[in-house]
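Coordinates in review
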Amino acid sequence: TTAPTSPFQLTEEHLAVRDAARDFAQELWAGVIERDEHQKFPTEQIKKMGELGFMGMMVSPEYGGSGLDTMSYVLAMEEISKVDASCSVIMSVNNSLVCWGLEKYGTEEQKQKYLPRLCSGEIVGAFALSEPEAGSDATSQQTTAEDKGDYYLLNGTKNWITNGTTASVYLVIAQTHPELKSRGINVLIVDKDMPGFQQGPKENKLGIRGSDTCSLLFNDVQVPKENRIGADGFGFKFAMQVLAGGRIGIAAQALGIASGSLELSIKYAKERKAFGVPIAQHQAIQFKLADMATNVEAARLLCLKAAADKDNNADYAKSGAMAKLFASKTAMDAAVEAVQIHGGYGFVKEYHVERFMRDAKITQIYEGTSEIQKIVISREILK
Ligand code: CAA
Ligand code: FAD
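Position labels on residues start from 1 in each chain and follow its written sequence. For naming, the first written chain is A and the first written ligand is 1, with later ones following in the order written. Only residues with pLDDT of at least 70 are given local features in this predicted model, and only at 80 or more are side-chain atom pairs given and counted; all residues enter the totals for whole chains, interfaces and linings.

Side note on the site of ligand 2
Around ligand 2 lies a shell of 22 residues, among which Ser130, Gly135, Ser136, Thr162 and Thr369 are the nearest. Sorting the residues of the shell around ligand 2 by element identifies β1 (125-128), β3 (151-162) and α11 (370-381) as the ones contributing at least two each. Take the shell around ligand 2: its biggest share by element is 3 residues, from β3. Defining nearness, a residue is near a molecule or strand when the C-beta atom obtained from its backbone falls within 6 Å of it. Helical segments are the DSSP runs of H or I of at least four residues, strand segments are the runs of E of at least two, and each set is numbered from the N terminus.

Given below as structure tokens:
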């Protein structure tokens, strides 16, 4: 292995995790086009990722996790996203939004009950904040969790939920005390088979088509009080805290799409001949590759910076938002250029870069759009 030079302290363990993810990711090429075309959930692949420790990377071994740091998580997310961003979004939601939130804020009983199975890949989790009328404006929650003494009565609709039809456990954000606005919101653990809980049909998406996204409908679902995470009214802060870390994961996903686009483009440019020479000898192609490589490197440094901030208990809301903002734009730009470098071949599925271009777009939308990242960053720098 050649260690990349980096201002960040990448240990032997980090490089071993990166190499293990890189080796495993090669298995994801098989069937990736078919999974994308038919919106087929990567069931077997996710099981294997659980067995290899990629589904609960940052969870303590006490609860079945790999006990690794955020740097390791970023390195693994990049490698898996280089091949299949559908697998990596399933991984990202499970790791950063569900497992991290449960381990950090859950009760001992909640952790024992859910974490080992979430880490092993036996089950996957989902995180449900967005609603038809509350996306970026996330405090405008219309879903209600009425306090009924022993239980909450949950009613409402969630939209665009990743792992929506395949998850077994859902962290659902809902309003209990509307008069308290964001301070009246709770987060509840909802099991798939609770009466009154229904999943909508799979959305037919532009990209990350192997991951399943759907709406969730709650009709008088009785959720026991012990399924609340944290104190009464902690739900919105919970959502913001898990998303601050989640954005580092999505930034790494975007980085992987960008670096995957670059790698395929370098390989193709050396092979494809036009006007008697490999196209890599035309300066117009060289300059595209130079721009892509520079942006990929900058995105990687921002991702590692945000991960290092989180691992060192420094504030990471701003650095995570910066990493996501920059890496998602890099992913989009690099994937578009990769298609251009591949010419007509880039426009068909066999060469993968058209899928990268479709997958890249979502990284500028979910876990807070690019405009929302700019709001988070500007609020921090203007404090
Ligand atoms: N940590 C802790 N608390 C935080 C916080 C953070 N990082 N950010 C905000 N808060 C708190 C605030 O302090 C405030 O609490 P107090 O009133 O007690 O001070 C409360 O949250 C409300 O904050 P704001 O007043 O700043 O609320 P706002 O209405 O201005 O909105 C926002 C802030 C940043 C725009 C927020 O609504 C937001 O992040 N929107 C985007 C939503 C989003 O990212 N959704 C992603 C869904 S999950 C997903 O997409 C998964 C996937 O695809 C794979
Ligand atoms: P809107 O909030 O309606 O935004 C529309 C446009 O207006 C955007 O360009 C936005 O940036 C802009 N805008 C809005 N407010 C402002 C402002 N104040 N200033 C400037 N511009 C603004 N959510 C979950 O909870 N869990 C999930 O697992 C999940 N997975 C998803 C998977 C997919 C494939 C998709 C498509 C979405 C997913 N989401 C999930 C939802 C996602 O987080 C939201 O789509 C996103 O936060 C944007 O919300 P919205 O779609 O309602 O857009």
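Moving on from the coordinates now.
Brief notes about the UniProt feature "domain: Acyl-CoA dehydrogenase/oxidase C-terminal" (unreviewed entry) in the protein chain
UniProt positions are given in the numbering used here, feature names are shortened, and annotations may be inferred rather than shown by experiment. Those residues carrying the UniProt feature "domain: Acyl-CoA dehydrogenase/oxidase C-terminal" (unreviewed entry) are residues 235-381 in this numbering. Note that residues 235-381 is 78% helix and 3% strand, and that its end C-alpha atoms are spaced 26 Å apart.

Observations concerning the site of ligand 1
Contacts to ligand 1 come from 24 residues, most closely from Ala138, Ser182, Met240, Tyr366 and Gly368. Looking at the shell around ligand 1, the elements with two or more residues in it are α5 (85-105), α7 (235-271) and α11. Of all the elements, α7 adds the most residues to the shell around ligand 1, at 6 residues. The residue inventory of the shell around ligand 1, partitioned by class, reads 14 nonpolar, 7 polar and 3 charged. Just so you know the grouping, Ala, Val, Leu, Ile, Met, Phe, Trp, Tyr, Cys and Pro go in nonpolar, Asp, Glu, Lys and Arg go in charged, and all remaining residues, Gly too, go in polar.

Observations concerning the environment of glycine 121
Mapped onto the secondary structure, glycine 121 falls in the loop between α6 (108-120) and β1. Glycine 121 sits 71 residues away from glycine 50 along the chain, and the two C-alpha atoms are 3.9 Å apart. In contact with glycine 121, other than residues within four places in its own chain, are Ile46, Lys47, Met49, Gly50, Glu51 and Met55. Remark: residues whose backbone-derived C-beta atoms lie within 7 Å of one another are considered to be in contact.

Regarding the UniProt feature "domain: Acyl-CoA oxidase/dehydrogenase middle" (unreviewed entry) in the protein chain
In the numbering adopted here, UniProt assigns the feature "domain: Acyl-CoA oxidase/dehydrogenase middle" (unreviewed entry) to residues 126-221. For residues 126-221, the helix share is 0%, the strand share is 47%, and the end-to-end C-alpha distance is 17 Å.

A look at the pairing of β3
Whether two strands pair depends on DSSP finding at least two bridges between them. In the sheet, strand β2 (residues 144-147) pairs with β3 via 4 bridges, with the strands oriented antiparallel. Its bridge partner being in β3, glutamate 146 is matched across the sheet by leucine 153. If you look at the hairpin formed by β2 and β3, you'll find 3 residues sitting between the two strands, and glycine 149 has a positive phi there, around 90 degrees. Sheet topology note: the β3/strand β7 (residues 213-224) ladder contains 9 bridges and is antiparallel. Bridge assignment links lysine 158 to a residue of β7, and that residue is leucine 216.

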